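So the chains spell out like this:
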Amino acid sequence: MASVRKFKAESQKVLNLMVNSIYTNKDIFLRELISNASDAIDKYHYLSLVDEKVPHQDEYEIRIEIDKEKRQITISDTGIGMTFDEINNNLGTIAKSGSEEFKSKLKEAEQTHDVDIIGQFGVGFYSSFIVAEQVEVLTKSPYSDKGYLFKSKGQETYTVDEVKLEKPGTKIILTLKESTDENDYDRYLQEWTIRNLVKKYSDYIRYPIKMEVTKSLPKYDEDGKVIEGEYEEKVVDETLNSMVPIWKKRSNEVSDEELNEFYKNKFMDYEDPLTSFLFSAEGLVSYNALIYIPKRVPYNLYSLDYEKGLQLYTKGIFIMDKCKELVPDYLRFVKGLVDTSDLSLNISREMLQQNHQLLKIASNVEKKIISNLEKMLKNERDKYIEFFDSYGVNLKFGAYDNFGEKKDLLKDLILYRTLNEENYITLKEYVEKMKEGQEFIYYASGKTKEAVMALPQLDLVKKQGYDVLILTDDVDEFLITILSEYDGKKFKSINQGDLGLLSKEEEEKFDSLKEEKKPILEKLKEYLKEEVDDVILSKRLSESPVCLVSGEGLSFEMEKVIERMPNNEKVKAKRILEINPKHELFKAIEKVYQSDDTELSDYAHLLYNQALLIEGLPIKDPVDFSNKMVNLMIKSAK
Ligand code: ADP
């Protein structure tokens, strides 16, 4: 008796899009189904080795059949099949449909009719409805004595019937839609179309993809001799794919196109990856690895539900999908796989965490990825910059994390914007270009490059012609603090402490000036005692009247970052107001100091607030600031 069931809500919507598809690449249905078949055989093979209930099979295969009369294509596999519950869970629902991101993309796709938008989630089995008006799935799992027939026309419902099936496995029968002027579905009934599609998308599949093909073969006479010039049509079984797993090939044997096709198919992306690394190791550990960096940052990379990891194979047998032990957190964006002969098949997820071999492989893979990135930085700068714009912040966190454990590994991969350079540079390049007599690596932080460039604190450094790193990411200053130096050169914020830019003579002159101006500075400090820790004369300013700097340790940028964190502790950077003794304004203040006390207090607050504004910090009392400003303007106009 047929049991009629409804597809889950999101699945219905996706089906709807597939059925009415304007999907640009209709061919993909075949690779999706073949990939599912191959996964199912992977699962079967693995279980047959570790679970007695799953009988051993000598040979596996995926078979494609074409029935022109019935307009059907059948794809069958000798894989794990599905139980009744699995049919409902796996085919009745889209696995990723729970996530909010999926729902919103789905909505977008429905409104714009742009199915490619949700293509990035991999619609797998449902892609059959791009070309088929009806899909039937005959399937049997070794864990059930019953077989089932799932049937659907891609509308709201599907049916599941019990049927008699002997062997485990799955057979998917697609009845193709009628061809129209715009869409030629009949071409999928042509042998050569299928052959080409398999070659293009599924060549690496490790199990034979077989099809009966008609071939024109030489005729033989009764004695078994070839009759010259005579041919006959014969139906023969042909394996369409070469079956060499792509990751077992040498990198010079594989084209970028092959690697890219494999990526899109396996990791469900609709775009080519930014780059791929194929490498292997032999010795203490031996493995083959194929690593990809997606062009587009995965939409949920920084959310809790993102799972990092690489696929793990042992001796060519698939073990698990996201082995998180294989990649450190800061490389969480890489996709790919590792195939090793060093692990037992029976390894469980729990045991993996302590497995020494696996940890060795992981650290080896990490180093290889880093060295490949270094190569890219050296030889393909533009591509590296594209990479860095997308993922650089991860490398920064990687270098900062765990008290800078990985800082030496990663410090040369981090790029910086600077005051003098138009393009990104590395620390190495900064140091190479340092001017004679320059002792420190200077840096300045702010929201954007433009904001930083406008900082008055840069005055003197600019005058010297020194370059300054411009830090705009939250993590930047924390990272600089952890690095502490590069190539023996210490870092120095243009905004903290003494910049060390004056000559000995100038220093002496400055010291005596400081003594001389002490009373007025003390007075200003008294007026501002609620706001700043100190008021001093500035060595770093040349054109601007004031600036606010922080003491050693916590900086203003760090203060802002910490403030944004949940449950932050109230930490404040030490505030120091610096006044430029060479500026006209200072002379004006001195004049006021001689004559009028209340006015000096107003000046002090105005100065301080100006410094706050320049620094991008909020003013405590904007109305008061404005009033004081207005008064001053009126007075000066009188
Ligand atoms: P995905 O492959 O991304 O998981 P699909 O929609 O393609 O999504 O398939 C959903 C699930 O249905 C698979 O994860 C698998 O469990 C099951 N499935 C699909 N095809 C087969 C098959 N040929 N044999 C066994 N199970 C299958």
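The structure reproduced in this document is the subject of the present report. These numbers were taken from a predicted model, which means no experiment stands behind them. (Residues numbered from 1 in each chain as written. Predicted model: local features only at pLDDT ≥ 70, side-chain atom pairs only at ≥ 80, totals over all residues. Heavy atoms only, no water.)

Our focus in this paragraph is the overall build of the protein chain. Within the protein chain, the regular secondary structure consists of 22 helices and 22 strands. Computed over C-alpha atoms, the radius of gyration of the protein chain comes to 34 Å, more than 25% over the 26 Å expected from 2.2 N^0.38 for 638 residues, which places it beyond the range of a compact globule. In the protein chain, which comprises 638 residues, the share counted as buried stands at 51%. The contacts of the protein chain with a sequence gap of at least 6 include a subset with a gap of at least 24, amounting to 70%. Taken together, the 93 basic and 118 acidic charged side chains of the protein chain have centroids lying 2 Å from each other. (Helix = DSSP H or I, 4+ residues; strand = E, 2+ residues; numbered from the N terminus. Rg over C-alpha atoms; globule rule 2.2 N^0.38 Å. Buried < 20%, exposed > 50% of the residue type's maximum accessible area, 1.4 Å probe, protein only. Contact = heavy atoms within 4.5 Å. Lys, Arg positive; Asp, Glu negative; His and termini not counted. Charge placed at Lys NZ, Arg CZ, Asp CG, Glu CD.)

Turning to helix α11 (residues 381–404), a few remarks are in order. The end-to-end C-alpha separation of α11 is 26 Å, well short of the 34 Å expected for 24 residues at 1.5 Å each. In the structure, α11 departs most strongly from a straight axis at Tyr391, where the bend amounts to approximately 70°. Among the residues of α11, those classed as buried are Tyr384, Ile385, Phe387, Phe388, Tyr391, Gly392, Asn394, Leu395, Lys396, Gly398, Ala399 and Gly404. Among the structural elements, β11 (287–293), α10 (356–379), α12 (407–410) and α16 (476–483) are those in contact with the buried residues of α11. (Expected span 1.5 Å × (residues − 1). Bend = angle between axes of the 7 residues up to and from the residue.)

With 5 of 5 residues buried, strand β21 (residues 546–550) is to be regarded as a mostly interior element. In β21, alternate side chains face the same way, and those of Val546, Leu548 and Ser550 on one face and Cys547 and Val549 on the other are all buried. Pairing of β21 with strand β22 (residues 575–579) involves 5 bridges; the strand directions are antiparallel. Bridged to Val549 within β22 is Ile576. (Pairing = 2+ DSSP bridges.)

Another aspect to go through is the packing of helix α18 (residues 518–527) against helix α21 (residues 597–615). Helix-helix packing is described using two parameters, namely the angle between the two axes and the distance between the axes. Orientation of α18 relative to α21, taken along the N-to-C sense of each, is 75°, at an axis distance of 9 Å. Relative to α21, α18 is oriented roughly perpendicular. Here Lys523, Leu524 and Tyr527 of α18 come into contact with α21, specifically with Asp597, Leu600, Ser601, Ala604 and His605. Residue composition of the contact of α18 with α21, by class: 4 nonpolar, 2 polar and 2 charged. (Axes fitted to C-alpha atoms, helices over the stretch in contact; angles between N-to-C directions. Parallel < 35°, antiparallel > 145°, perpendicular 65-115°, else oblique. Nonpolar A, V, L, I, M, F, W, Y, C, P; charged D, E, K, R; others polar.)

Once that is clear, we can look at the packing of aromatic side chains. Scanning the entire structure with this criterion turns up 26 aromatic pairs. Both rings, one in Phe333 and one in Phe387, keep their centres 5.9 Å apart while their planes meet at 55°; by these two values the pair is tilted. Of the two residues, Phe333 sits in the loop between β13 (317–323) and β14 (335–340) while Phe387 sits in helix α11, which places them 54 residues apart along the sequence. Each member of the pair, Phe333 together with Phe387, is buried. Geometrically, the ring pair formed by Tyr442 and Tyr466 is stacked, given 5.8 Å between the ring centres and 15° between the ring planes. Taken together, the positions of Tyr442 in strand β16 (residues 441–445) and Tyr466 in the loop between α15 (459–464) and β17 (468–471) put the pair 24 residues apart, joining distant regions of the chain. Tyr466 carries the same exposure label as Tyr442, and that label is buried. (Phe/Tyr/Trp six-rings, centres within 6.5 Å; stacked < 30°, edge-to-face > 60°.)

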